[in-house]
Amino acid sequence: MAKLRRDRVQGLTPVAVASVRSPDAPSGRGRAHTPPSAHHDLDWSILMARAQDGDRDAYRLLLEEITPYVRALAARRHHDPGDVEDVVQDVLLTVHEIRHAYDPTRPFGPWLVAIANRRVVDRLRRLGRTRSRETVLTPEHETFPVVQANLHDEGSDRAALRRAVEGLAPRQREAIRLLKLQEKSLKEAAAETGMSVAALKVATHRALDNLKKMFSRRGDT
Amino acid sequence: MTTTPELISVLAANAAPVRRLRHPMVRAAGWLLLAALVVVLLAVGQGLRSDLADRLEQPVFVISMTASLSTGVLAAVAAFLVGLPDRSRLWGLLPVPTFALWVSTIGYGCLTSWIGLGPDGVSLNETGRCLATLLLTSVPLSIVMLVMLRHAAPLYPRSVAVIGSLAVAAITASVLSLVHDLDATAMILAWNIGTTALMVGTGGVLGRLVFAWVRRSSLRW
């Protein structure tokens, strides 16, 4: 039976194959939008019939010939080259798995196009599901939750603050250093500097005002 | 990560000869022959319903039986056609007209037999035998159809499972009508529509999973 069918395939003319080609094949402009030519279709039918009989060389040739065609079909719906190649491999695997379901008396093109379209849609659905469940990680996602990851930012803030304090007037700088950075009491600071408590309070207040102005100016620029 | 040329080499090296699928009509006929055998065996084993001769004179019963059997036959043909990549999926609509006719006769039966429904209309024993008939018909037919259509698994598992389940359900409902005296409204509804909905629904929901399982099992064999 199988041999008889194969003979019938080899007896088909390109015209006969073209005349029975299914309208399911893609249509439109360009190589990717057109079905394989009648000549290709007949060749592929014969190659597939031989592959079904166990001819490995014919099968390899067929897979190599259909790969660019399938890649063009996949590239119509997928833009990432990785996705396109995944679809191509999915199609090749499906062709291999159900190659016994191909009837050599029918054109090969529509059979292949139907499988390719199915795999393209499957891949689009899978990508859609993945995108709806997952969020792409940005550097902020990686650094904010982990304290150690933010050491670099903390260090730069500290250095900026130190530079700002250095830029203050000497009395204000001293007041900030003793009261805020070293966290001494007003009495201790007064004893150390010889300034009155009231003068220290005024100097600290003015220093903080100046620091605020410095950092707000930096934030504006 | 396997490249496409590597994949082609692997597939070509594993291109063992395969046995081509027969024409879908031939395969559908094979499955329907099995269904006929199951019906005959059940009719012999459990005996036909006692009032079958009377019922066959009623047009509604005859139309209902004809419609359910036709639905079974047409759904089986449609399932074998839709499972192939290069056949139009519109074949799936083939059993719709007879299915609509079948459902409408069930509805008519409900209205006419509503008054005749008594509290002891259907006994538990009859229900149990009905369930046995249902399982004896649907389980083997479902398993055989699953195995015969496993090549559809990578392509259209859900639609093929739904149409195949409709075929099994319609044949099962026909057998139930032939073997059991079930004229009460509730039972007709439960067995005919309920069974159909259950089988078709299960086929739709589990189609992909069951097909994938059958496919893996067949690859191991």
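Residues numbered from 1 in each chain as written. Chains lettered and ligands numbered in written order. Predicted model: local features only at pLDDT ≥ 70, side-chain atom pairs only at ≥ 80, totals over all residues. Heavy atoms only, no water.

1. Details of the overall build of chain A
Quick note on the threshold: Secondary structure counts use DSSP, requiring at least four H or I residues in a row for a helix and at least two E residues in a row for a strand, with both numbered from the N terminus. The classification of residues rests on relative accessible area computed with a 1.4 Å probe and restricted to protein chains. Under 20% of the type maximum is buried, over 50% is exposed, and intermediate values are partly exposed. Contact definition: two residues touch when any of their heavy atoms are within 4.5 Å. Areas reported here follow the Shrake-Rupley algorithm with a probe of radius 1.4 Å; residue values treat only the protein chains shown as occluding.
From N to C terminus, chain A includes 11 helices and 0 strands. When the helices and strands of chain A are read in sequence order from the N terminus, they spell out α-α-α-α-α-α-α-α-α-α-α. For chain A, buried positions account for 37% of its 221 residues. Nonlocal contacts in chain A, meaning residues at least 24 apart in sequence, comprise 63% of its contacts between residues at least 6 apart. Surface summary for chain A: the accessible area is close to 13,100 Å², and the carbon and sulfur share equals 54%.

2. Brief notes about the interface of chain B and chain A
Note the threshold: Buried area: the accessible surface (1.4 Å probe) lost by two parts on joining, summed over both. Should a side-chain nitrogen of Lys or Arg be within 4 Å of a carboxyl oxygen of Asp or Glu, the pair is scored as a salt bridge. As used in this structure description, the phrase polar contact means that two N or O atoms lie within 3.5 Å; if the pair is within protein, one of them must be able to donate a hydrogen and the other to accept it, and residues adjacent in sequence are counted only when both atoms belong to side chains. Each residue is assigned to one class: nonpolar for Ala, Val, Leu, Ile, Met, Phe, Trp, Tyr, Cys and Pro, charged for Asp, Glu, Lys and Arg, and polar for all the others, Gly among them.
At the interface, 31 residues of chain B touch 38 residues of chain A. The junction of chain B with chain A conceals about 3,200 Å² of combined surface from both sides, 55% of it contributed by carbon and sulfur atoms. Our count for the chain B to chain A interface comes out at 2 salt bridges. The salt bridge involving D53(A) is made with R20(B); its shortest N-O contact spans 3.4 Å. Taken together, the links from chain B to chain A amount to 12 residue pairs in polar contact (both at pLDDT 80 or more). Those elements that provide at least two residues to the side of chain B that touches chain A are α1 (4-13) and α8 (185-220) of chain B. For the side of chain B that touches chain A, the element with the highest residue contribution is α1(B), accounting for 7 residues. Its residues placed into classes, the side of chain B that touches chain A shows 16 nonpolar, 7 polar and 8 charged.

3. Structural notes on the packing of aromatic side chains
Residues and elements named next belong to chain A. Operational definition: A pair of Phe, Tyr and Trp rings is counted when the ring centres sit within 6.5 Å of each other, with Trp represented by its six-membered ring. The angle between the planes then sorts it: under 30 degrees is stacked, over 60 is edge-to-face, the rest tilted.
According to the stated counting rule, one finds 6 aromatic pairs over all chains in the structure shown. For the ring pair W44 and Y69, a centre distance of 5.8 Å and an interplane angle of 55° mean the geometry is tilted. Here W44 is found in helix α3 (residues 38-52), whereas its partner Y69 is found in helix α4 (residues 56-75), with 25 residues between them in sequence. Here the two residues W44 and Y69 agree in accessibility, since each one is buried. Taken together, W44, Y69, Y102, F108 and W111 form an aromatic cluster joined through their ring pairs.

4. Focus: a positive patch on the surface
Heads up, the rule is: Exposure above 30% relative accessible area and no salt bridge define the residues that can form patches, which grow by joining like charges within 9 Å and nonpolar side chains of Val, Leu, Ile, Met, Phe, Trp and Tyr within 5 Å. None of His or the chain ends enter the tally, which takes Lys and Arg as positive and Asp and Glu as negative. To locate a charge, the coordinates of NZ of Lys, CZ of Arg, CG of Asp or CD of Glu are taken.
There is a patch of like positive charges on the surface, built from R125(A), R126(A), R129(A), R133(A) and R158(B). When residues of the positive patch are assigned to their parent elements, the largest contribution, 4 residues, is made by helix α6 (residues 108-133) of chain A. Secondary-structure assignment places R129(A) in helix α6.

Fair warning: the whole summary comes from geometry, so function is off the table for now.
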